[in-house]
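Residue-level structure breakdown
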Amino acid sequence: MEDQKLVHEFLKSRSERAFLELYRSKTPHLYRMALRLTQDEYQSEELIQEMWVIAIRKLADFEWRSELKTWLIGILINLSRSKRKEKELSVEITPEMSLDSSSEMSFASAHDLENGIADLPPGYRQIVILHDIEGYKHKEIADLLDITEGTSKSQLFYARKALREYLSEDTSKGKSHE
Amino acid sequence: MSEEHLSEAEKNLFQALENEKNPPKHIEKNIITQLEQEGLIKKTITMNNYVKWAASLAASVLLFMGGMYYEKSNTQQLNANAMVEIEPTKGYILILHEDSNFEPGDPMAMFEEYKSWMDNTFSRGLKITGQELKQEATLVKGETQEVFPEDAETKTTGYFLVEANSYQEAVAVAQENPHIKYGGSIEVKPFMVR
């Protein structure tokens, strides 16, 4: 069922059944994302619970300026950030940074990539999740995270660099064992 | 290779990541509990919990009919009345009476019959709730209070509240109730809505 219909049905009835339809259509994806963000099952569960309670409180005011999924992700990310004590890394991109070359991730497996994402600092991790996994543009990420597009780009730059280094070390370690 | 772009191989790697994972079932329950507490959602009667509740109620009904005993189960702890709201304009009360003509049958058979009756009523889209009543009763009249004797000829032993589309439908629901088969009588009265 379409998101708008699910939301309309829920707001009309406020029934547990309508909520569950909405919840079950969105949560498996968001839970996977929460796991990536937090790298912790307990924290992910907390995030998902809090996200839905906030979303249901505000749902009647949701104006559909974005997709429902994006709106929910925004709540999830903001909750995740407010829970995280670590300072966000915010480095503006400079021209020379984009010239560097390094090894690719091509020898790694999806499992290695998951580990590499888990190893990233939280600020980098959320950008990689939003841009490279969820497919959001820098403008959308900037809106979601309340940062500039430049910050989004620079964080992605450093995140990928760190990811490639991690995977490069990982695969070279793997080769040295062979 | 620039950090600004992913190679095709890297894109494929990202696409190979698992993007869905079912959350543990208890999260769903926790959220529903919290939303109910905040008054943000209303509880829905699902067939599953309705059947449990119906079984509980049927067992309760049997407990008070003709002094029969049906083994108590945990399901009887369910608060049946809290789970069903009757729309007043479609509300009917079915009051169960018994006199010397009432002859209960085998407890297990009666249990199944009551359960089927409730399931069937629910399946037709009609809401139903009910409660057994104790034998204890006092008639308050003017300044006097008359205590009904334990061995009174006629007893009021329970009631059901039904949300039906018409008076005739409510009467038909009462007619199908196993209470009639065993010699009991049921008084059907519509709610007064002013």
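**Section: the overall build of chain B**
Along its length, chain B carries six helices and six strands. Out of the 194 residues in chain B, the part that is buried amounts to 41%. Sequence-distant contacts, at least 24 apart, represent 80% of the contacts inside chain B between residues at least 6 apart. Carbon and sulfur atoms make up 49% of the accessible area of chain B, which totals about 11400 Å².

**Focus: the interface of chain A and chain B**
With 46 residues of chain A at the contact, the number on the chain B side is 38 residues. Glu18 of chain B serves as the salt-bridge partner of Arg32 of chain A, at 3.1 Å between the closest nitrogen and oxygen. Going through the elements one at a time, α1 (3-13), α2 (16-38), α3 (41-58), α5 (110-119), α6 (122-133) and α8 (149-177) of chain A are the ones with two or more residues in the side of chain A that touches chain B. By residue class, the composition of the side of chain A that touches chain B is 21 nonpolar, 10 polar and 15 charged.

**Points about helix α7 (residues 138-145) of chain A**
Residues and elements named next belong to chain A. Listed in full, the buried residues belonging to α7 are His138, Ile141, Ala142, Leu144 and Leu145. Down the axis of α7, the buried side of the element spans an arc of 165 degrees, and every buried residue falls inside it. Once α7 ends, the next one or two residues include Asp146, with phi positive near 60 degrees.

**Observations concerning the pattern of salt bridges**
Within the structure shown, the criterion is met by 18 salt bridges over all chains. One salt bridge in this structure joins Arg36 of chain A and Glu114 of chain A, with 2.6 Å as the shortest N-O distance. Taken together, the residues Arg36 of chain A in helix α2 and Glu114 of chain A in helix α5 connect sequence positions 78 residues apart. Here the residues in one salt-bridge network are Arg24 of chain A together with Lys25 and Glu28 of chain B, joined through shared partners.

**Topic: the pairing of strand β5 (residues 155-163) of chain B**
In regular strands, side chains alternate between the two faces of the sheet. All names here are of chain B. Summarising the sheet, strand β1 (residues 91-98) and β5 pair through eight bridges and their orientation is antiparallel. Looking at the pairing, Ile93 lines up with Leu161 of β5. Bridge count between strand β2 (residues 127-132) and β5: six bridges; the pairing is antiparallel. Its bridge partner lying in β5, Glu132 is registered against Gly158.

**As for helix α5 (residues 167-176) of chain B**
Residues and elements named next belong to chain B. Every buried residue of α5 is listed here: Glu169, Ala170, Val173 and Ala174. Around the axis of α5, the buried residues are gathered within 145 degrees of arc, so they sit on the same side. Those residues of α5 that are exposed and aimed more than 90 degrees away from the buried face are Gln168 and Gln175. Packed against the buried residues of α5 are β1, α4 (107-123), β5, α6 (178-181) and β6 (185-190).

**Considering the nonpolar core**
Residues Phe19 and Trp52 of chain A are the most contacted members of the largest nonpolar core, which totals 59 residues. Here the element with the most residues in this core is α2 of chain A; it accounts for 11 residues. Those residues within four positions of Trp52 of chain A in sequence are excluded, and the remaining contacts are Phe19, Leu22, Tyr23, Lys26, Thr27 and Leu72 of chain A together with Ile31 of chain B.

**Quick word on the side chain of Ser152 of chain A**
Examined against the element boundaries, Ser152 of chain A turns out to sit in helix α8. Those residues in contact with Ser152 of chain A, other than ones at most four positions away along the chain, are Ile127, His138, Ile141 and Ile147 of chain A.

**Overview of the sheet that holds β5 of chain B**
Residue and element names in this part refer to chain B. Taking strand neighbours across the sheet as the criterion, the four strands line up as β2-β5-β1-β6 in an open arrangement whose pairing is antiparallel. The open sheet has two edge strands, β2 and β6, and neither has a second partner. On average, adjacent strands in this sheet sit at an angle of 20 degrees to one another, irrespective of strand direction. In the packing of α4 onto the sheet, the strands contacted are β1, β2 and β5, and the crossing angle to β2 comes to about 150 degrees. In the packing of α5 onto the sheet, the strands contacted are β1, β5 and β6, and the crossing angle to β6 comes to about 160 degrees.

**Some thoughts on the pairing of strand β4 (residues 144-147) of chain B**
Residue and element names in this part refer to chain B. Examined bridge by bridge, strand β3 (residues 138-141) and β4 share four bridges and lie antiparallel to one another. The residue bridging Thr138 from the neighbouring strand is Val147, located in β4. Taken together, β3 and the strand that follows it, β4, pair antiparallel across an intervening segment of two residues, in which Gly142 is found at a positive phi of about 60 degrees.

**Some thoughts on the confidence of the model for chain B**
Residue and element names in this part refer to chain B. Confidence in the prediction for chain B averages 76 pLDDT; 75% of positions are at 70 or higher. Predicted confidence for residues 63-82 stays below pLDDT 50, and this span has 43 contacts to residues more than four positions away or in other chains. If you check the scores for this complex, the pTM reads 0.56 and the ipTM reads 0.76.

What counts and how
- Along each chain, residues carry numbers from 1 onward, in the same order as the chain's sequence is written.
- Chains carry letters from A onward and ligands carry numbers from 1 onward, assigned in written order.
- Confidence filtering applies because this is a predicted model: local features only for residues at pLDDT of at least 70, side-chain atom pairs given and counted only at 80 or more, and all residues used for totals across whole chains, interfaces and linings.
- As a convention, hydrogens and water are excluded, and side-chain values are obtained from all of the structure's heavy atoms.
- Secondary structure counts use DSSP, requiring at least four H or I residues in a row for a helix and at least two E residues in a row for a strand, with both numbered from the N terminus.
- Only protein chains enter the accessibility calculation, which uses a 1.4 Å probe; a residue whose area is less than 20% of its type maximum is buried, one above 50% is exposed, and one in between is partly exposed.
- Only heavy atoms matter for contacts: two residues are in contact if any of them lie within 4.5 Å across the pair.
- Computed by Shrake-Rupley with a 1.4 Å probe, the accessible areas treat only the displayed protein chains as cover when residues are assessed.
- Each salt bridge in this description consists of a side-chain nitrogen of Lys or Arg and a carboxyl oxygen of Asp or Glu lying within 4 Å of one another.
- Each residue gets one of three labels, nonpolar for Ala, Val, Leu, Ile, Met, Phe, Trp, Tyr, Cys and Pro, charged for Asp, Glu, Lys and Arg, and polar for the others, Gly among them.
- Think of the arc as the fan of directions from the helix axis to the C-beta atoms.
- A pair of strands is labelled paired if DSSP reports no fewer than 2 bridges between them.
- Each nonpolar core is a collection of buried residues, namely Ala, Val, Leu, Ile, Met, Phe, Trp, Tyr and Cys, held together in the definition by side-chain atoms within 4.5 Å.
- Only the stretch in contact is used when fitting a helix axis, every axis being a line fitted to C-alpha atoms; angles between N-to-C directions are given from 0 to 180 degrees.
- One confidence number per residue, pLDDT, is output by the predictor and ranges from 0 to 100.

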